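Each chain, letter by letter, is given below.
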Amino acid sequence: MERNKRKKLGLLVVLLCCLVPMLFAAGQQDAKAPVAGQEVTEIIYWQYFYETKKILMDQLIKEFEAENPGIKVTQQTFPYENYNTKVASSVPTGTGPNVINLYYGWLPMYMDAGYLQPLPDSVFSAEKVEKEFFPLVSAGKFDGKYYAIPTAVRSLALFWNKDLFREAGLDPDKPPKTMELTKKDRAGNYLQEGWGLQLNGQIHHWIREMLVRQFGGAPYSDDGRKVTYNSKAGYDAFTYATEFQTKHQVGMPMFMTDDVTAFKAGALAMNIDGSFRLGTLDAVKELDYGVADLPTLNGISSNFASFWANGITSTTTGKKLDASVKFLEFLTRDDVMARWLKDIGELPAKKDLASRKEFAEDPKYGPFIRGLADAHATMFVDEAGQRQVWIDAWDQVVLNNMSVKNAVDGAAKAEQVILDKYYKNK
Amino acid sequence: MMRGLKKYRTLARTTELWAYAFLSIPIIFYVVVRFYPTLYAFYLSLTDWDIVSSNMNFIGFENYSHLWDDAVFKKTLFNTIRYVVCGLPVSLFLGFVLAYHINYLTVGSDFFKTVYFMPYITSMVAVAWVWRWLFQPPPVGVFNNILATLGFSAQPFLRSTTQAPFAILMTTIWADLGFQMIIFLAGMKGISEQYYEAARIDGATNMQQLRAITLPLLKPTMVFLVITGTIRYLRIFTQVMNMTSQGDGGPLNSTKPLVLYIYDTAFRSFEMGYSATMTVVLFCIILVVTLIQMRISRSEET
C-alpha cells in the first residue's frame, strides 16, 4: 500500500517536471519540416498584418512553392501596432522567422543587434541593386553590402474628394497645383475638413521633408546626425503648416479620430497620403476621389518616400538559407512587383519597371511614381520617437499658444537627444 | 496504541503531501511567470539593456538618477496620482449613493443592479472606444452635439490638455461604478436590521441612521474598496491607450499614466533597463500605499 502511494507521488513529480518545460516550448516557433518521403525545407516569413498584403502573399507563396517543390514557406502576420515589439522580442530569444519584412527606419536598430545577414553577392550585389532599384533602397545598405531589399516603395500624393469640390463650386477634375489655392477650399465649422492634418499619419513627413525644403532649408545634416530645421526655413515651414489650423481653420488633427476615417466618410476634401491607401479607398464605393501630384510651393517640389524591405535573419543557415535567398529573388521579380502594385498600391522598387508607361501615366499610380523623383527617405533612428516630437510641437502651438520658434526649437532639441543617443557609439 | 498513532500520522502526512503536490502546480507557475520576472526587473533596472542587444551592461544607479531629470516621468507620475486622488473618491461616493438608494428598493432592484454593474464586466477596450467617439468634436461627437442643441459652444474634450484627463476619468468612473456599488450593497446587507429598528424607536432620522449606523459599520467595506480601488486607479492604462490617438497619452502627455510611459519606454523605444527602473518605483509606491492602508484597516479591526 505505502509503496504504491509513494510510487504514485513520484510519478506525479515526474509528470510535473515534464509539464514545466512544455510550457516554455509552447511559446517557441521553431519550424519543423513535415516528415515525408521527400525532404522539404520549410522557411518562415513574417510581415505585419495588412489585409491586401497578407492575401497577395498567400497567393505568391503558392506559386513560389509550385516552382520550387522542395521548399515550403509559412507566412505569419502580426498586428501593425505590435509588430516591431514582436520582432524585437524575438531577437534575444533567438526564435523568429527566416525571411522578415522590416520598415526601412527600423533597419539601423536591427543591424546593431546583428539580426540580419548580408544578402549574397551572387544575387544582390550592391552594383546590381543600385543599377536596377530606386536610390532610396540604399537605406538597406550597410558597409557596402545590402542587408534588406524591398518589393515595393511608397511615396506621397494629394488625395482629393471630387464631390466636395463640386459642392464648393470648384472644378472636380482639376486638383490644386499650388498650396495657395487650397486655402480657399474652406468647408465651414469642421463639419467637413478642407485639409487633412493628421500629424501621426503622413503630415509629420509633409512638414519635415517637404515644407522645410520648400522654404529653402533642410531638415537634417547630410549624414542625418544633426537636426537642422531649427532655422528660418523651419520656422517658416511650421508657421505655414500650423496656420492651416490656427489661421485658415481648414482642419485639425484627429478629426473623426483620423484622416483615413474622415476621408472614407467623405468629410475630408484634401489629404496627403501614401499609395498604399488606394486599395482601402477604392473599397468605398460611394467615394469619388482623385489623386494628384503633391502641390509645389515656392517653385520647389519635394516628396517623402519609404519602404518595407525583406531581409534574412542571421540565424538562418544551410538549406534554409538557400531557400530564403530563392524566396527573396522571387519577391523582387518584375512580375511580382507589378502584381504588388495592382493589389496593394505600393510602387515597384525597380526604376525601369516603375517608369513603364502603363504605370507612370496611370491616373492613380502616376502621381506617386512621378513623386519618387524628388523623394527623400528620412534616416530615422527611432521612428515613433521622432514622430512624437512633431506631434508635441504642433500641440504646443495650437493648444498652449507657444510661439512657433519656441516649439520648433523644442522639437529640434528633443529630436537631437534621440539622434545623439543612437549615434553615441558610432 | 503507538502503532495507531503512527498510522494516523502517516495518513495525515500523506494527505498533506498530496495537498502540497497539488498546490505546487500553481506555485511553480507563479514562480516562473510572476516572482522570477519581478526579481529580474530589479536587476534589469541597473542595466542599459535595449532588448535586441545580446550584452547587458551593468550601469549601477544611473537609470535612477536619470529619473530626476526626466520631465515626462514626473508628468506621468503626477497624472497617475491625479487619477487616484480625483477619480477614486468620486467613484466611491457615487457607488455609495447608488447602493444606498438601491438598498431601499423593494421592486426592480435587480434591474438597477444589473444595469449599473454591466459596464464593469464590459471589456475596457470596447468601453474606451465608445467613449472616444462620444467625446469627438462635431459632427460625430454625441456630447458635443448635445452641447450644440443646448446652445453651448463645442468643447475639445480629448484634444485639450486640461479636459482630456477628466474625460479619461469620466470613462473610468462610469465603468468602475458598478463594482463599488455591488460591494457597498453587500456590506449594507450585512448590517443587522435590529440596529435600525432600535434607532427608529429612539426617533432617529434617516440622516442620523446613515451617520451613526450605516457609515461606521461599512468601514471594513470601505477600507477594502479604497485599497483595491487605489491599486486599480494606479494601474489605469487601457483607457488611455485606446482613447488617445495611437495610444500616445496626449495631447502633450497630459493623459499619460506612469504605466503607459513604462510600456512606451519598454516596447516602443526598447529601453528595457530604464523602463524596469520606473517599474521598480511604481512597485514601491503601490507597496507603500498598500502597507499604509493595511495598517489602517488592522487598527480599525482591533
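Note that the structure is a prediction, hence the values are computed from the model and not measured.

So, about the overall build of chain A. If you tally the helices and strands in chain A, you get 19 helices and 15 strands. Relative to all contacts within chain A whose residues are 6 or more apart in sequence, the contacts with residues 24 or more apart total 75%.

Our focus in this paragraph is the layout of surface pockets. One water molecule sets the probe size; rolling that probe over the atoms shows where empty space is left. Estimated volume of the second largest pocket: approximately 1200 Å³. Looking at the second largest pocket, it is lined by 29 residues, and the ones nearest its centre are R34(B), P37(B), T38(B), A41(B) and T279(B). Every element with two or more residues in the lining of the second largest pocket is listed here: α3 (80–93) of chain A together with α1 (2–44), α12 (258–267) and α13 (272–301) of chain B. Among the elements that make up the lining of the second largest pocket, the one with the highest residue count is α1(B) (ten residues). Of the residues contributing to the lining of the second largest pocket, the split by class is 23 nonpolar, four polar and two charged.

Further remarks concern the nonpolar core. Of all hydrophobic cores here, the largest spans 143 residues; its most connected members are Y110(A), W206(A), I207(A), Y229(A), F238(A) and F327(A). It is helix α19 (residues 404–423) of chain A that provides the largest number of residues to this core, a total of nine residues. Aside from chain neighbours lying at most four places away, what touches Y110(A) is N84(A), V87(A), A88(A), V91(A), L102(A), Y115(A), L116(A) and V52(B). Residues L218(B), Y274(B), V280(B) and L282(B) belong to the second largest nonpolar core, which totals 52 residues.

What follows covers the interface of chain B and chain A. The interface of chain B with chain A comprises 33 residues on the first partner and 40 residues on the second. For the pair chain B and chain A, the two sides together bury roughly 3200 Å², of which 67% comes from carbon and sulfur. Taken as a group, V52(B), R159(B) and L252(B) account for 24% of the area that chain B buries against chain A, more than any other trio of residues on that side. Run the count over chain B and chain A and you get two salt bridges. Viewed at the interface, chain A and chain B are joined by six residue pairs in polar contact (both at pLDDT 80 or more). Listing elements by their share of the side of chain B that touches chain A, those giving two or more residues are α1, α5 (124–134) and α12 of chain B. Here the side of chain B that touches chain A takes ten residues from α1(B), the largest share from any one element. For the side of chain B that touches chain A, the class distribution of residues is 20 nonpolar, eight polar and five charged.

Now for empty space enclosed by the protein. According to the stated counting rule, one finds five cavities of 30 Å³ or more in the structure shown. The computed volume of the largest cavity comes to approximately 150 Å³. Looking at the largest cavity, it is lined by 16 residues, and the ones nearest its centre are M254(A), I391(A), R159(B), S245(B) and D248(B). Secondary-structure elements contributing two or more residues to the lining of the largest cavity are α9 (199–214) and α18 (383–400) of chain A. Estimates place the volume of the second largest cavity at around 90 Å³. Along the walls of the second largest cavity sit Y45(A), Q47(A), K53(A), M57(A), N101(A), T151(A), A152(A), W308(A), N310(A), W340(A) and E346(A), which together make up its complete lining. Sorting the residues of the lining of the second largest cavity by element identifies β1 (41–48), α2 (51–67), β7 (148–154) and β13 (306–313) of chain A as the ones contributing at least two each. Looking at side-chain class alone, the lining of the second largest cavity contains five nonpolar, four polar and two charged residues.

Our focus in this paragraph is the packing of aromatic side chains. Residues and elements named next belong to chain A. On inspection of all chains with the given rule, the structure shows 57 aromatic pairs over all chains. Their ring planes at 65° and their centres at 6.0 Å tell us that Y103 and W106 sit as a pair that is edge-to-face. Take Y103 and W106: they sit in the same class, and that class is buried. One aromatic cluster is present, formed by W46, Y48, Y50, F78, Y80, Y83, Y103, Y104, W106, F307, W308 and F380 through successive ring pairs.

Sheet strands associate in pairs through backbone hydrogen bonding, adopting either a parallel or an antiparallel arrangement. All names here are of chain A. If you walk across this open sheet you meet the four strands as β9-β10-β8-β11, and the pairing is mixed. Of all strands in the sheet, those bounded by a partner on one side alone are β9 (193–195) and β11 (289–292). Each neighbouring strand pair of the sheet contributes to a mean axis angle of 30°, computed without reference to strand direction. The sheet strands contacting α9 are β8 (156–161), β9 and β10 (268–274), and the helix crosses β10 at an angle near 70°.

Attention now goes to the packing of helix α10 (residues 232–246) of chain A against α19(A). Residues and elements named next belong to chain A. Remark: α10 packs on α19, axes separated minimally by 9 Å, with the N-to-C direction vectors making an angle of 115°. One finds that α10 runs roughly perpendicular with respect to α19. As for how α10 packs across α19, the hand of that crossing is right-handed. Between α10, through G234, Y235, F238, T239 and T242, and α19, the contact on the second element is made entirely by V404, K405, A407, V408 and D409. By residue class, the composition of the contact of α10 with α19 is five nonpolar, three polar and two charged.

About the criteria used
Residues numbered from 1 in each chain as written. Chains lettered and ligands numbered in written order. Predicted model: local features only at pLDDT ≥ 70, side-chain atom pairs only at ≥ 80, totals over all residues. Heavy atoms only, no water. Helix = DSSP H or I, 4+ residues; strand = E, 2+ residues; numbered from the N terminus. Contact = heavy atoms within 4.5 Å. 1 Å grid on protein atoms, 1.4 Å probe; cavity = no way out; pocket = protein on both sides within 12 Å on 5 of 7 lines; lining within 4 Å. Points joined across faces, edges and corners; volume = space filled by probe spheres on them. Nonpolar A, V, L, I, M, F, W, Y, C, P; charged D, E, K, R; others polar. Core = buried A, V, L, I, M, F, W, Y, C linked by side-chain atoms within 4.5 Å. Buried < 20%, exposed > 50% of the residue type's maximum accessible area, 1.4 Å probe, protein only. Buried area = accessible area lost by both parts, 1.4 Å probe. Salt bridge = Lys/Arg side-chain N within 4 Å of Asp/Glu carboxyl O. Polar contact = N/O pair within 3.5 Å; in protein donor to acceptor, adjacent residues only side chain to side chain. Phe/Tyr/Trp six-rings, centres within 6.5 Å; stacked < 30°, edge-to-face > 60°. Pairing = 2+ DSSP bridges. Axes fitted to C-alpha atoms, helices over the stretch in contact; angles between N-to-C directions. Parallel < 35°, antiparallel > 145°, perpendicular 65-115°, else oblique. Left-handed = near helix turned anticlockwise from the far one by under 90°.

Structural measurements only, silent on function.
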